[in-house]
Amino acid sequence: MKSICFATNNAHKLEEVRAILAGRFELLSLNDLNFTTEIPEPYETIEENALAKAQFVFSRLQMPVIADDSGLEIEVLDGKPGVHSAHYAGTRDAQANIDLVLKQMKDHQNRQARFKSVIAYIDGEGKQQSFEGTVEGNITKVVRGADGFGYDPIFMPKGYDRTFAELSATEKNTISHRKRALENWVHCLNSPQV
Ligand code: IMP
């Protein structure tokens, strides 16, 4: 089975992506590879940061790598927290981030939002490609559900009456932004090259 580094130490993301890829690849995390260097995320877009993460890891490990950068884009907040989703309230504290979003949304009726994920892939020879996935939904007025991570308890995907944190992992993995980005990547790997 082909080994690929997934440039993350986020246990939730790792679990999600392993479940979605379901044994197609041996997915090795940064911890698995004893890669302890902090990876910079210097850019102002999700696309650029995903590629920068993949390039940083590939330049050191010289093996196939995928990197994900993702975020929540809220319409009435002009796309924020966006690329700053992880430390929107100042630190990597999911509850503080949620509290800040709910406070900023307090007087807004328009609750439309979407999660976006970009998967950057660099193959063994250094060829780079990026794949995007999004899921549309609404920001709830209160926190609902205990599963998942990040903004899951306040994001209700379109067509559902439960938040991501109330869906089972399997249900979330069927419709998530990461799932859609990964699907685009796998589809590309399966396509005959021209
Ligand atoms: P990254 O690790 O730099 O990609 O940070 C992405 C941030 O966006 C995470 O720390 C979460 O706050 C948020 N995020 C991304 N994907 C999800 C998700 O599936 N559920 C909830 N929050 C997410």
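So, here's what we can say about the structure. (Residues numbered from 1 in each chain as written. Predicted model: local features only at pLDDT ≥ 70, side-chain atom pairs only at ≥ 80, totals over all residues. Heavy atoms only, no water.)

Notes on the site of the ligand
Every one of the 17 residues lining the ligand counts as a neighbour, but Lys13, Asp152, Lys172, His177 and Arg178 are closest to it. Between Ser70 and the ligand, the recorded distance is 3.0 Å, taken from a backbone N or O atom to an oxygen atom. Residue His177 places a side-chain N or O atom 3.1 Å away from a nitrogen atom belonging to the ligand. In isolation the ligand offers 490 Å² of accessible surface; the protein chains occlude 93% of this area. Of all elements in the fold, only β3 (65-74) and α5 (177-190) reach the threshold of two or more residues within the shell around the ligand. Along the lines of polarity and charge, the residues of the shell around the ligand split into four nonpolar, five polar and eight charged. (Near = heavy atom within 4 Å. Polar contact = N/O pair within 3.5 Å; in protein donor to acceptor, adjacent residues only side chain to side chain. Areas by Shrake-Rupley, 256 points an atom, 1.4 Å probe, with all protein chains shown as cover. Helix = DSSP H or I, 4+ residues; strand = E, 2+ residues; numbered from the N terminus. Nonpolar A, V, L, I, M, F, W, Y, C, P; charged D, E, K, R; others polar.)

Focus: the packing of helix α1 (residues 11-21) against α5
Running from N to C, α1 and α5 cross one another at 45°; their axes reach a closest spacing of 10 Å. With respect to their mutual orientation, α1 and α5 come out oblique. Along this stretch, α1 crosses α5, giving a crossing that reads as right-handed. Here Lys13, Glu16, Val17, Ile20 and Leu21 of α1 come into contact with α5, specifically with Arg178, Lys179, Leu182, Trp185 and Val186. Along the lines of polarity and charge, the residues of the contact of α1 with α5 split into six nonpolar, no polar and four charged. (Axes fitted to C-alpha atoms, helices over the stretch in contact; angles between N-to-C directions. Parallel < 35°, antiparallel > 145°, perpendicular 65-115°, else oblique. Left-handed = near helix turned anticlockwise from the far one by under 90°. Contact = heavy atoms within 4.5 Å.)

A word on α5
Taking 1.5 Å per residue as the helical rise, α5 with its 14 residues ought to reach 20 Å, and the 20 Å between its terminal C-alpha atoms agrees with that figure. Along α5, the residues classified as buried are His177, Arg178, Lys179, Ala181, Leu182, Trp185, Val186 and Cys188. The inward-facing, buried residues of α5 contact β1 (3-6), α1, β3, β4 (112-122), β5 (128-139) and α4 (169-175). (Expected span 1.5 Å × (residues − 1). Buried < 20%, exposed > 50% of the residue type's maximum accessible area, 1.4 Å probe, protein only.)

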